[in-house]
Amino acid sequence: MEWLDAIIQGVLLGGLYALFATGLSLIFGVMRLVNIAHGDLIVLAAFLGLAMVNGTGVHPLISLVVIVPVMAAIGYALQRGILNLTLGRDILPPLLVTFGLSIIIQNVLLEVFSADTQRLKAGALETASIAIGEQIAIGWFPLIVFLSAVGVIAALQLVLFRTRLGTAFRATSDDHETAALMGIDNRHVFALAMALALAVVALAGTFMAIRTNFSPAIGPARLLYAFEAVIIGGLGSLWGTLAGGVILGVAQAIGAKFHPGGQILAGHVAFLIVLVLRPNGLFPRTRDR
Amino acid sequence: MSGTPETVLATHELTAFYGDFQALFGIDVHVGRGETVAIIGANGAGKSTFLRSVVGQLPSEREQVTHEGKPIGHLQAHEIVRRGIALVPEGRLLFPSLSVEENLRLGAYGKRAGPWKIERVHELFPVLRERRATPGTALSGGEQQMCAIGRALMSNPTLLLCDELSLGLAPVIIRQIYAVLPVIVSEGTTIVVVEQDINQALDVADRVYCFQEGRVSLQGRPDDLSREDVATAYFGV
Ligand SMILES: Nc1ncnc2c1ncn2[C@@H]1O[C@H](COP(=O)(O)OP(=O)(O)O)[C@@H](O)[C@H]1O
Ligand SMILES: [Mg+2]
């Protein structure tokens with residue numbers, strides 16, 4: 001029973017990792033951009049949520065009504081103003097620029113909010129749970145996070161495969177020069193993809209801030225979890241990314257059972273095992289070579 | 001004078017570069033409304049480069065390209081197709097992640113009004129209806145070419161540029177594909193075909209340009225050109 005509980009908690013935690021990873025996966029899929037600042041943008045969203053909750057007293061989940069569109073707008077401007085200029089045949093410039101961006105975000109957060117660890121208070125929601133039998137209790141909040149991850153990925157999947165914009169995303173990803181011949185403005189489409197990605201980042205950052213302590217320096221570790229979830233799942237597959245997040249979460253939960261400090265290590269070990277057995281991840285995009 | 005309303009496309013001393021390499025050296029071409037113009041020339045003569053410059057895939061100066069009298073040389077590819085110039089690119093270049101139907105519908109991304117709808121494209125190429133759910137790149141070469149033409153038509157162009165329609169196709173398929181050009185012209189579309197295959201091009205064209213090493217080496221009506229002139233202009237002796 002103890003093990004079943006660990007696995008359930010791990011699956012739910014995997015929902016948060018999937019939310020960390022979804023934006024990264026989407027951006028890589030659409031424009032082959034590896035965003036090194038992704039983790040710091042998650043932390044930025046957390047601090048924006050903190051500022052708003054402290055400033056207005058609203059519940060963190062209500063603050064999403066503002067934080068999600070704000071992060072989307074930041075994403076659009078960031079892509080249009082900076083990142084589009086770095087895209088080309090060479091993969092190095094976007095890596096360097098997003099690495100620089102990561103450092104800038106960390107330093108600005110440090111300057112504005114100090115190095116103190118923070119937490120978003122969500123009141124009764126933090127402890128509310130549903131009891132299943134004698135030994136297993138499922139927290140409402142982790143459940144909400146997990147269902148949000150499923151909902152977000154289902155919605156993105158609908159956008160990708162059922163809308164005009166989604167078709168444009170896929171065409172641009174295949175061949176952006178020919179996509180332009182269809183009337184697609186790649187710079188705009190890329191910016192919309194980044195806006196969508198950072199909308200998900202806003203959700204991920206706020207959930208993270210309710211669940212754990214955070215400080216300006218924790219971005220790179222979130223990036224690592226996101227990377228691992230994306231790679232485990234297979235590049236370009238959003239449902240794969242969810243599976244990757246869940247595998248990471250379950251491995252961590254099981255690792256924690258063995259040894260209190262084993263949590264993080266177990267996640268990395270699971271990542272390495274998948275990488276050795278299935279170098280392309282579990283669900284690689286089939287139409288890529 | 002080019003730039004009158006009856007001229008759909010004109011280029012003025014058009015040049016093009018790949019880095020330091022100059023591929024076009026001052027090309028003057030004009031295409032009148034309703035005409036079918038052929039551009040012929042040996043491999044590497046600059047035909048594709050010319051089309052890529054016209055549609056904005058390669059940069060050019062503002063006044064080097066005019067469309068219906070307005071300069072478009074400075075515009076980007078996505079802006080030019082929205083003004084009614086569509087390219088069927090060399091090698092078809094269908095989107096592998098998209099089904100045949102999605103490839104076609106993406107052609108209408110710019111939402112230009114006009115006679116071409118998916119039903120009309122299906123009438124022209126019924127096989128594209130039968131195979132609408134398959135990935136574009138799973139089609140045969142001829143079917144891919146049909147899909148690429150249909151995709152370009154979906155943007156409702158007033159000017160359709162076709163780069164080597166016959167490339168790699170069997171003669172019977174080539175004839176089938178060339179047979180639809182008159183239907184497209186009858187909808188009021190002006191066509192430019194680029195071909196290495198001289199005979200195919202001379203059959204359909206009202207006028208011909210021959211390119212050689214980035215320059216126009218000959219132009220005229222097919223009936224007015226002797227075989228020797230064409231051979232000289234094409235191969236450069
Ligand atoms: N992407 C490119 N980079 C460098 N040179 C190119 C490129 N594409 C074409 N060229 C050169 O430009 C010239 C014209 O090529 P192209 O327009 O493709 O000829 P055509 O279509 O008539 O066969 C050739 O010398 C070719 O080698
Ligand atoms: Mg060519």
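Residues numbered from 1 in each chain as written. Chains lettered and ligands numbered in written order. Predicted model: local features only at pLDDT ≥ 70, side-chain atom pairs only at ≥ 80, totals over all residues. Heavy atoms only, no water.

Draft legend 1. Structural view of the sheet that holds strand β9 (residues 207–212) of chain B. All names here are of chain B. The strand order β6-β7-β8-β3-β9-β10 describes an open sheet built from six strands, whose pairing is mixed. Looking at strand neighbours, the two that pair on one side only are β6 (85–88) and β10 (215–220), the edges of this open sheet. Sheet twist, expressed as the mean angle between neighbouring strand axes with direction ignored, is 20 degrees. Where β9 lies against β10, five bridges are found, and the strand directions are antiparallel. What sits directly across from C210, in β10, is L218. Packed on one face of the sheet, helix α1 (residues 47–54) meets β3 (36–41), β6, β7 (159–163), β8 (190–195) and β9 and runs near 150 degrees to β7. Of the strands in this sheet, β6 and β7 are in contact with helix α6 (residues 141–153), which crosses β6 at around 170 degrees. (Pairing = 2+ DSSP bridges. Helix = DSSP H or I, 4+ residues; strand = E, 2+ residues; numbered from the N terminus. Axes fitted to C-alpha atoms, helices over the stretch in contact; angles between N-to-C directions. Contact = heavy atoms within 4.5 Å.)

Draft legend 2. View of the coordination of the magnesium ion (ligand 2). Taken together, the protein donors to the magnesium ion (ligand 2) comprise S48 of chain B (OG) and E90 of chain B (OE), at separations of 2.0 to 2.3 Å. With S48 of chain B in helix α1 and E90 of chain B in the loop between β6 and α3 (100–107), this residue pair connects regions lying 42 residues apart in the sequence. (Donors = N, O, S within 2.8 Å, 3.2 Å for Na, K, Ca; no water.)

Draft legend 3. Structural view of unusual backbone geometry. One non-glycine residue, R32 of chain A, adopts positive backbone phi at about 55 degrees. Tracing the backbone shows R32 of chain A in the loop between α1 (2–31) and α2 (38–56). Assessed through its relative accessible area of 36%, R32 of chain A is described here as partly exposed. Phi at L93 of chain B takes a positive value of approximately 50 degrees, unusual for a residue other than glycine. Residue position: L93 of chain B is located in the loop between β6 and α3. (Buried < 20%, exposed > 50% of the residue type's maximum accessible area, 1.4 Å probe, protein only.)

Draft legend 4. Quick look at the state of the cysteines. Within this structure, the stated rule accounts for zero disulfides over all chains. Among the cysteines around C210 of chain B, which has no disulfide bond, C162 of chain B carries the closest sulfur, lying 19 Å off. (Disulfide = S-S within 2.5 Å.)

Draft legend 5. Spotlight on the interface of chain B and chain A. On the side of chain A, 21 residues touch chain B, which itself brings 23 residues to the contact. A combined buried area of about 2,000 Å² lies between chain B and chain A, and 58% of that area is made up of carbon and sulfur atoms. Among the residues chain B hides against chain A, the three largest losses belong to F95, S97 and Y109 of chain B. Together they make up 33% of the total. Across the contact surface, chain B and chain A share two salt bridges. Residues E177 of chain A and R52 of chain B are paired through a salt bridge, measuring 3.9 Å at the closest nitrogen-oxygen approach. Counting across the interface, chain B meets chain A through seven residue pairs in polar contact (both at pLDDT 80 or more). Residue assignment for the side of chain B that touches chain A shows that the elements contributing at least two residues are α2 (77–82) and α3 of chain B. Top contributing element to the side of chain B that touches chain A by residue count: α2 of chain B, with four residues. Of the residues belonging to the side of chain B that touches chain A, the class tally is twelve nonpolar, six polar and five charged. (Buried area = accessible area lost by both parts, 1.4 Å probe. Salt bridge = Lys/Arg side-chain N within 4 Å of Asp/Glu carboxyl O. Polar contact = N/O pair within 3.5 Å; in protein donor to acceptor, adjacent residues only side chain to side chain. Nonpolar A, V, L, I, M, F, W, Y, C, P; charged D, E, K, R; others polar.)

Draft legend 6. Spatial organisation of the nonpolar core. Within the largest apolar cluster, 109 residues are counted, with the highest numbers of intra-cluster contacts made by L19, F20 and M71 of chain A together with F50, I85 and L161 of chain B. It is helix α8 (residues 186–211) of chain A that provides the largest number of residues to this core, a total of 15 residues. When near neighbours in sequence (up to four residues on either side) are disregarded, L161 of chain B contacts L51, V54, V55, I85, A86, L87, V88 and V192 of chain B. (Core = buried A, V, L, I, M, F, W, Y, C linked by side-chain atoms within 4.5 Å.)

Draft legend 7. Geometry of α1 of chain A. All names here are of chain A. Look at α1: 43 Å from first C-alpha to last across 30 residues, which is about the 44 Å you get at 1.5 Å a residue. Where α1 bends most, the angle comes to about 35 degrees, and this point is A21. Note on α1: the residue one or two positions beyond its end, R32, has a positive phi of about 55 degrees. (Expected span 1.5 Å × (residues − 1). Bend = angle between axes of the 7 residues up to and from the residue.)

Draft legend 8. Inspection of the site of ligand 1 at higher detail. Residues and elements named next belong to chain B. Taken together, Y18, F21, A23, A42, N43, G44, A45, G46, K47, S48 and T49 make up the full set of residues near ligand 1. Within the contact set of ligand 1, a nitrogen atom lies 3.4 Å away from a side-chain nitrogen or oxygen of Y18. Contact between ligand 1 and T49: an oxygen atom at 2.4 Å from a side-chain N or O atom of the residue. About the coverage of ligand 1: the protein hides 61% of its 560 Å² of free accessible area. A total of three residues in the shell around ligand 1 trace back to one element, the largest contributor, which is α1. Looking at side-chain class alone, the shell around ligand 1 contains five nonpolar, five polar and one charged residues. (Near = heavy atom within 4 Å. Areas by Shrake-Rupley, 256 points an atom, 1.4 Å probe, with all protein chains shown as cover.)

Draft legend 9. Local environment of the sheet that holds strand β1 (residues 7–18) of chain B. Strand order in the open sheet formed by four strands is β2-β1-β4-β5 (chain B), with antiparallel pairing between adjacent strands. Every other strand in the sheet has two partners, leaving β2 (21–32) and β5 (70–71) of chain B as the edge strands with one partner each.

Purely geometric numbers; function is a separate question.
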